[in-house]
Amino acid sequence: MEYGLFLGCTIPARSRNYELAARAVASSLGVKLIDIEEFSCCGFPLEASDEQGAVLLGAMNLCVAEERGLDICVLCSACASMLTKTAYHLDHDRKLRDQVNRELLKIGKEYKGKAQAKHFARILLEDVGLAGIKNQVKRDLKGLKVATHYGCHYLKPSYIYEGFDDPQDPRTLEVILEAVGATNVQYRRKKDCCGGPVLLSDEKVALSVAEEKLKQVRDVGADCMNLVCPFCSLMFDANQKGIEGNSGNEFNLPVLYLPQIMGLAFGFSRKELGLNLNSVSTKELESAFEE
Amino acid sequence: MKRFSLQDSDHAFVHEIELSDFIGGFRDCYTCGTCTAGCPVHRVNKEYDPLKIMRMLVLGFREELLKGDMIWLCSDCYTCQENCPMEVRITDIINHLKNLATREKNVPLGVSTQKRLLKEQGKIYIIDEFDNKKRAKAGLPALPELAEAAKALLQERE
């Protein structure tokens, strides 16, 4: 199992905790992640203002992997959706593909449609499998109560993901948590957005969307939130203090990336999983199942 | 919200979007309101209403759509699109409207800034020496400061 590791813009600059944990978990599961310097922005931030430009960047990154004969492992859900959507359109629209290839020729590239981009969690599920994940569990999470936030672009738009999970009743992240010994808790608004993309146009609205969700998670008594996207983490973890200040609500809710929770079950240390870099402290949560 | 007059309707605008194989099916909308009922942004701000956007599009209210703020409140979450019983690609349509609004210079500063940064750097955040030092300390490989190929691709774009 070899993949080109696509970090995108946000993770190396802002979410080293996610990167650290994902690399640790991947290596213990035998997934080889290959670093490729030539990867750039996925194109997602251009989608609203220059959709053709976004597709060009997406296509360029797919070409970079294709040239190396690799598929792509993506950590950020927005990047995963942009790269998957780009491939979908280029594979279904001959005219668009020709037009994009004329542009790519300027930098000596051609899109052939050989490389597939997959989210990290999807690779764990489809390539490693639940049995392989269970095999690595070394520490009992003692029923750690986790509320999963799937986020939007991990699942949607569903036409690009060819039946991977069900956006109306998603399960893929929770079956992984179950395999590592955590307990999934359900809450209202589970499928709602984090609000992240609205930050650029209306911060107040964006933070209100995140607050709605934090309230629901707090009210069902979850020990922590689980997610798989650096933008969602920005909204729920990094912005949690600010939301508390604005609204008078108190959450004090640790927000972990999926591989951070998995890594705890696999016996990795706090530092190896970048838990020291999370905004809301995870110490209390960790102490609950230390030997 | 202010009232619109059908005299302001721009039919050429509607037809142009309708011609797209990909997002052209918006006339199938029978105004059931499922989009708005599930919208997480509508829940916190009633001014934002995806059904209204679809009606404004069908009725050809080009100016109101492209010069107003409403489309920019869409969080791109795809809930409306996934829930739509007529499979109207609502989120993809709104995204296209954001592109058209950008050409009319109606674009939030944050969005235009990201566009400029990508042209200049090929990525949103530069990875400088300081970042790479922190990465090295954490045992992570160094990354290039800019993304040159992406920069080159975007060079001639508006």
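Computed from a predicted model, the values in this text were never measured in an experiment.

K.L.:
What exactly am I supposed to notice about the domain arrangement of chain B here?
P.N.:
A common way to report how large an interface is uses the accessible area buried once the components associate. For chain B, the assigned domains read domain 1 (6-103) and domain 2 (109-154). In this structure, domain 1 of chain B and domain 2 of chain B have C-alpha centres spaced 33 Å apart.

K.L.:
Even after reading the chapter, I still don't get the interface of chain B and chain A, so can you show me in this structure?
P.N.:
Tallying the contact residues gives 45 residues for chain B and 41 residues for chain A. Looking at the side of chain B that touches chain A residue by residue, the classes come out as 25 nonpolar, twelve polar and eight charged.

K.L.:
What am I meant to see in unusual backbone geometry here?
P.N.:
Across the chain, the bulk of peptide bonds are trans and the bulk of non-glycine residues have phi less than zero. Residue P157(A) is bonded to the preceding K156(A) through a cis peptide linkage, with omega at 0 degrees. Phi angles above zero are rare outside glycine, and D165(A) is one such case at about 60 degrees. For D165(A), a count of 20 C-beta atoms within 10 Å puts it in the buried group. With a phi close to 70 degrees, Y78(B) is a non-glycine residue in the positive phi region. Topologically, Y78(B) is positioned in the loop between α5 (62-67) and α6 (79-83).

K.L.:
I keep staring at the sheet that holds strand β8 (residues 255-257) of chain A and nothing clicks. Help me out?
P.N.:
Paired through their backbone hydrogen bonds, the strands of a sheet run either parallel or antiparallel. Residue and element names in this part refer to chain A. A sheet is described by the order of its strands in space; here four strands give the open sequence β6-β5-β7-β8, paired in parallel fashion. In this open sheet, the two strands that pair with only one neighbour each are β6 (183-184) and β8. Relative to β6, strand β5 (residues 145-148) is paired through two bridges, and the arrangement is parallel. The residue of β6 that forms the bridge with K145 is T183.

K.L.:
Looking at this structure, I do not really get the sheet that holds strand β2 (residues 32-35) of chain A. What am I missing?
P.N.:
All names here are of chain A. Here four strands make up an open sheet; going across it, the order is β2-β1-β3-β4 and the pairing parallel. Of all strands in the sheet, those with a lone pairing partner are β2 and β4 (117-119), marking the two edges. Going from strand to strand, the sheet's axes swing by 40 degrees on average, the running direction of each strand aside. Note: strand β1 (residues 2-6) against β2, four bridges, orientation parallel. Considered in β2, the bridge of G4 is made with I34.

K.L.:
What is the right way to look at the environment of T10(A) in this model?
P.N.:
All names here are of chain A. If you trace the backbone, T10 turns up in helix α1 (residues 10-14). Here T10 falls in the buried class, since 24 other C-beta atoms lie within 10 Å of it. In this structure the C-alpha to C-alpha distance between T10 and G108, which are 98 residues apart in sequence, comes to 27 Å. T10 has contacts with S15, C76 and P230, leaving out every residue within four places of it along the chain.

Quick notes on the rules
Residues numbered from 1 in each chain as written. Chains lettered and ligands numbered in written order. Predicted model: local features only at pLDDT ≥ 70, side-chain atom pairs only at ≥ 80, totals over all residues. Domains from an automatic or database assignment. Contact = placed C-beta atoms within 7 Å. Nonpolar A, V, L, I, M, F, W, Y, C, P; charged D, E, K, R; others polar. Buried ≥ 20, exposed ≤ 12 C-beta atoms within 10 Å, placed from the backbone. Helix = DSSP H or I, 4+ residues; strand = E, 2+ residues; numbered from the N terminus. Pairing = 2+ DSSP bridges. Axes fitted to C-alpha atoms, helices over the stretch in contact; angles between N-to-C directions.

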